[in-house]
Amino acid sequence: MSWLGGPLTAFDLETTGTDVETDRIVTAAVVRIETDGSVSRERTWLLDPGVAIPEQASAIHGISTEHARAHGAPAAPAVEEIARAVAEGLRQGTPLVVMNARYDLSLLDRECLRHGVESVSERLGGAPRPVIDPLVIDKHVDKYRKGKRALYALCDHYGVPLDDAHDARADAVAAARVVRSLAVRHRPVGLMPPADLHDLQVRAAAEQSVSLQAYLRRTTDPAAVVEPAWPLIPRGR
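Here the structure is a predicted model, which is why all the values come from computation and not from measurement. Note on numbering: residues in each chain are counted from 1, in written sequence order. Per-residue local features are limited, in this predicted model, to residues with pLDDT of at least 70; the limit for side-chain atom pairs, both in listing and counting, is 80 or more; totals at the level of whole chains, interfaces and linings are taken over all residues. Side-chain descriptors were evaluated using all non-hydrogen atoms of the structure, hydrogens and water having been removed beforehand.

> Pulling in residues and values, what's your account of the overall build of the chain?
From N to C terminus, the chain includes 10 helices and six strands. Here the globule rule reads 2.2 Å times residues to the power 0.38, and the radius of gyration is calculated from C-alpha atoms. Whereas a compact globule of 237 residues would reach a radius of gyration of roughly 18 Å, the chain reaches 17 Å, a difference of no more than 12%. Taking the principal axes of the C-alpha coordinates as reference, the chain spans close to 50 × 45 × 35 Å. Buried residues are those whose accessible area, probed at 1.4 Å on protein chains only, stays under 20% of the maximum for their type, while exposed residues exceed 50% and partly exposed ones sit between those limits. The burial tally for the chain puts 50% of its 237 residues in the buried class. Two residues form a contact once any of their heavy atoms are found within 4.5 Å. Across the chain, the fraction of contacts at a sequence separation of at least 24, relative to all contacts at a separation of at least 6, is 68%. When the 28 positive and 32 negative side-chain charges of the chain are each reduced to one mean point, those points stand 6 Å apart. In this description a helix means any DSSP run of H or I spanning at least four residues, a strand means any run of E spanning at least two, and both kinds are numbered starting from the N terminus. Counting rule applied: Lys, Arg positive; Asp, Glu negative; His and chain ends not counted. The location of each charge is read from NZ of Lys, CZ of Arg, CG of Asp or CD of Glu.

Below you can see the structure in the form of structure tokens.
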């Protein structure tokens, strides 16, 4: 059964940086998107990550250390709520849309480990699935297109408004609308059962990582390694 005619859950994080092993969640959103693109249910969080938010990160998402400490929820209970909300949608069989899923889901996994919270995988009895990542799918169906593949670029390419980039809720909603638009334009993607689409992305993400590894070997450090696992980077890597 195709996923295109049903609801989606969209998930997004804004964080202190780009390292899934050491960086922390600052804001999060879990949003249910109906078939017509409307938002029927949403939860958002502002966390006190327990560490200083670097100026470079604040410049992107607009949350300062001072604001997070004054208004953010304690990290541990908030991480537990986020993991529970992500797992609930998947447990109900609703596909989870995450832009650059490997990053957001892995960072959430490490936050669960850090705070002694049951992870999404532990709640589900296995890695999150089905996940739909517009970044992985777009690279797969249109691999030779020039230009950037950031969310704002995908929104522009697929005709999706993005009025408040780097706001977790806005980015989550935009990612869900991008995959719907992508699936209409590339119809075979929209016709695939969610489990088959998930498995396709596992293979596609591995191929894309292998290509990046080859590029890195040619241009930078020959020892550089790109983790091919998807949608989670295994712990201890």
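> Explain the pairing of strand 2 (residues 25-33) to me, and be specific about the residues and the numbers.
Most of strand 2 is tucked away: nine of the nine residues are buried. Two strands qualify as a pair provided that DSSP identifies no fewer than 2 bridges between them. Relative to strand 2, strand 1 (residues 8-15) runs antiparallel, the two being bridged by eight bridges. Looking across to strand 2, one finds that Leu8 is bridged to Ile33. Where strand 2 and strand 3 (residues 39-48) come together, seven bridges link them in antiparallel fashion. Bridging across to strand 3, Val31 finds its partner in Glu42.

> Just give me the short version of the packing of helix 6 (residues 134-141) against helix 8 (residues 168-185), but keep the residues and values in it.
Between helix 6 and helix 8, whose axes approach to 10 Å, the crossing angle comes to 25 degrees. Classified by the interaxial angle, the pair formed by helix 6 and helix 8 is roughly parallel. By crossing handedness, the relation of helix 6 to helix 8 is classed as left-handed. Contacts between helix 6 and helix 8 involve Pro134, Ile137 and Asp138 from the first element and Ala175, Val178, Val179 and Leu182 from the second. We call Asp, Glu, Lys and Arg charged. Ala, Val, Leu, Ile, Met, Phe, Trp, Tyr, Cys and Pro are nonpolar, and the rest, Gly among them, are polar. Residues belonging to the contact of helix 6 with helix 8 are distributed by class as follows: six nonpolar, no polar and one charged. Fitted lines through C-alpha atoms serve as axes, helices being fitted only where they are in contact, and the angles separating the N-to-C directions of these axes extend from 0 to 180 degrees. Any angle from 65 to 115 degrees is called roughly perpendicular, while one under 35 is roughly parallel, one over 145 is roughly antiparallel, and all others are oblique. Rotating anticlockwise by less than a right angle from the far helix to the near helix defines a left-handed crossing, while the corresponding clockwise rotation defines a right-handed one.

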